[in-house]
Amino acid sequence: MGWRYIAQRTTSGDFLDWDVPLVADTVPRSELSGPGNLSGTISPEYARLTAKPDGMPVLSEWATTLYAEYDGRIRWGGLIHKIRYEGQALKIDAAGFTSYPHGIPYFGPVIQSGYPVKQPYAYEGKDKNHDGYIDHTSPKRKMPARPKDKISTRWDAYDVVRAIWSHLQDYRFGRLGLVVDGHDSGHLLGSASGQDPWELRWWDSPDCGATIDEVMRLAGADYVESHSWDGTNERMVHRLHLGKRRLGRYRDDLRFAQGENIIVTATPKGMGDAFANEVYVLGKGSGQKTPRVRVASQDQRLRRARVISRKSTANRTTLTEYGKAEQKRHNQMLTVPSIAIRHHPNAPLGSWALGDRILVQIDVPWVGEIAVWHRITAHEIDPAAGTAVLFLTRTDHFG
């Protein structure tokens, strides 16, 4: 049994076509902490183009969900977001549900995490000459100490993710039916001291997708979306799986080696001009008062510096964490961007999961044999061909 592509009206849930004649450019790509994608062509003219009863074309931008099924199992699902016409051919691009929040403004309730809240002060304005005494008292009485600020409840990062998705799906035409995992991340936004509050305010015009990405980065966590039949093959179940921080595990039970199950290797590469072993982070402020932190590694290489801005905070600890993450991204040694593998007892097709750490063993010209741990950040699995492409990032990139 080969691939089957199923079209569904996104807003109503009605299935429109059980076998869309799509010729995919590649097998669907699933991603770690990303929507993945699917693109392809329909040619000649789609005879079943108009859907009933809504009268819209079966394949419509932001109105059609497309599923890729193989052997009765949904391998991927996503939203058609782009359609192009090239002669008699119809070109489509689709992306997973987690692409939806990007570009949509947040207009939900204000969220304040670790925010200092001033307490009522009975003597407010009673020392107008600022001499430290209550005005018009005889004998003079000193001004009592101002009560300390209280700190607002600190939100777990995943509670914010759920709040944003709930806001998005509260709208009548925003109901994707995506269920978000209910556990906590363990990372509380803001600081216990109130010196580094985290806020989400609609009047700042925050982007829902960008905010989710920011919160996941702060938590150092991953997510994966999935789509499957509910057991009756009549309804789709959509889930956003949130990692308990990082998804995946070290797979010392699997082997990925050139000449065994690795059939093609993308050219290994270093960082090139993007390399940096020193990072400066500029925080909230202006001029000479702008907070600045430096993160550097002593790696026996020529100093290469990079500057980033994080104007959302002035807290030096938070800025340092940003700097460490950025420095890791720009200080990688040799990395293998992707490998193509075949089904093999060393690593049967689909025996891994997104986020898993695998040891890649290959021979690199001018370098020799290397064995480097990488995380699987995306994959394209083709059960028909018995092959897969794994997209990789060095494990030490993630800390």
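What this report covers is the structure whose coordinates are included nearby. Predicted model only: the values in this text are computed from it and were never measured. (Residues numbered from 1 in each chain as written. Predicted model: local features only at pLDDT ≥ 70, side-chain atom pairs only at ≥ 80, totals over all residues. Heavy atoms only, no water.)

### As for the sheet that holds strand β15 (residues 236-242)
Reading across the sheet, the 3 strands line up as β12-β15-β14 and stay open at both edges, with mixed pairing between neighbours. Of all the strands in the sheet, just β12 (178-180) and β14 (223-229) have a single pairing partner and so form its edges. Recorded for the sheet is a direction-independent mean angle of 25° between the axes of neighbouring strands. (Pairing = 2+ DSSP bridges. Helix = DSSP H or I, 4+ residues; strand = E, 2+ residues; numbered from the N terminus. Axes fitted to C-alpha atoms, helices over the stretch in contact; angles between N-to-C directions.)

### Section: unusual backbone geometry
In the segment running from Ser-138 into Pro-139, the intervening peptide bond is cis, with an omega of 0°. The backbone of Arg-245 shows a phi angle near 75°, a positive value even though the residue is not glycine. Tracing the backbone shows Arg-245 in the loop between β15 and β16 (256-257).

### Section: helix α3 (residues 316-329)
Between its terminal C-alpha atoms α3 stretches 20 Å, which fits the 20 Å expected from 14 residues at 1.5 Å a residue. Within the span of α3, buried status applies to Thr-318, Leu-319, Tyr-322, Gly-323, Glu-326 and Gln-327. Packing partners of the buried residues in α3 comprise α2 (208-219), β18 (278-282), β19 (292-296) and β20 (305-309). Two or three places before Thr-317, at the opening of α3, Asn-315 has a side-chain oxygen 3.1 Å from that residue's backbone nitrogen. (Expected span 1.5 Å × (residues − 1). Buried < 20%, exposed > 50% of the residue type's maximum accessible area, 1.4 Å probe, protein only. Contact = heavy atoms within 4.5 Å. Polar contact = N/O pair within 3.5 Å; in protein donor to acceptor, adjacent residues only side chain to side chain.)

### Points about the environment of Ser-166
By secondary structure assignment, the location of Ser-166 is in helix α1 (residues 157-170). Classification of Ser-166 as partly exposed rests on a relative accessible area of 37%. Through-space distance from the C-alpha of Ser-166 to that of Lys-150 is 28 Å; in sequence the pair is 16 residues apart.

### A closer look at α1
Spanning 14 residues, α1 covers 20 Å between terminal C-alpha atoms, matching the ideal 20 Å at 1.5 Å per step. With respect to burial, α1 is a largely interior element, 10 of its 14 residues being buried. Those residues of α1 that fall on the buried side of the exposure criterion are Ala-157, Tyr-158, Val-160, Val-161, Arg-162, Ile-164, Trp-165, His-167, Leu-168 and Gln-169. Summarising the contacts, the buried residues of α1 are in contact with β9 (111-113), β12, β13 (198-200), α2 and β15. Two to three positions downstream of the cap, the backbone nitrogen of Tyr-158 sits 2.9 Å from a side-chain oxygen, assigning the N-cap of α1 to Asp-156.

### Looking at the pattern of salt bridges
Tallied over the full model, the rule gives 21 salt bridges. As a salt-bridge pair, Arg-162 and Asp-184 come within 3.4 Å of each other at their nearest N and O atoms. Of this pair, Arg-162 sits in helix α1 while Asp-184 sits in the loop between β12 and β13, placing them 22 residues apart in sequence. For Arg-162, a relative accessible area of 18% translates into the label buried. Of the charged contacts in the structure, one is a salt bridge between Arg-303 and Glu-278, with a shortest N-O distance of 2.7 Å. Here Arg-303, found in the loop between β19 and β20, pairs with Glu-278, found in strand β18; they are 25 residues apart in sequence, far enough to count as distant. Residue class for Arg-303 comes out exposed when judged on its relative accessible area of 53%. Among the residues examined, Glu-278 registers a relative accessible area of 4% and is labelled buried. Taken together, the salt bridges that share partners define one network made up of Asp-159, Arg-162 and Asp-184. (Salt bridge = Lys/Arg side-chain N within 4 Å of Asp/Glu carboxyl O.)

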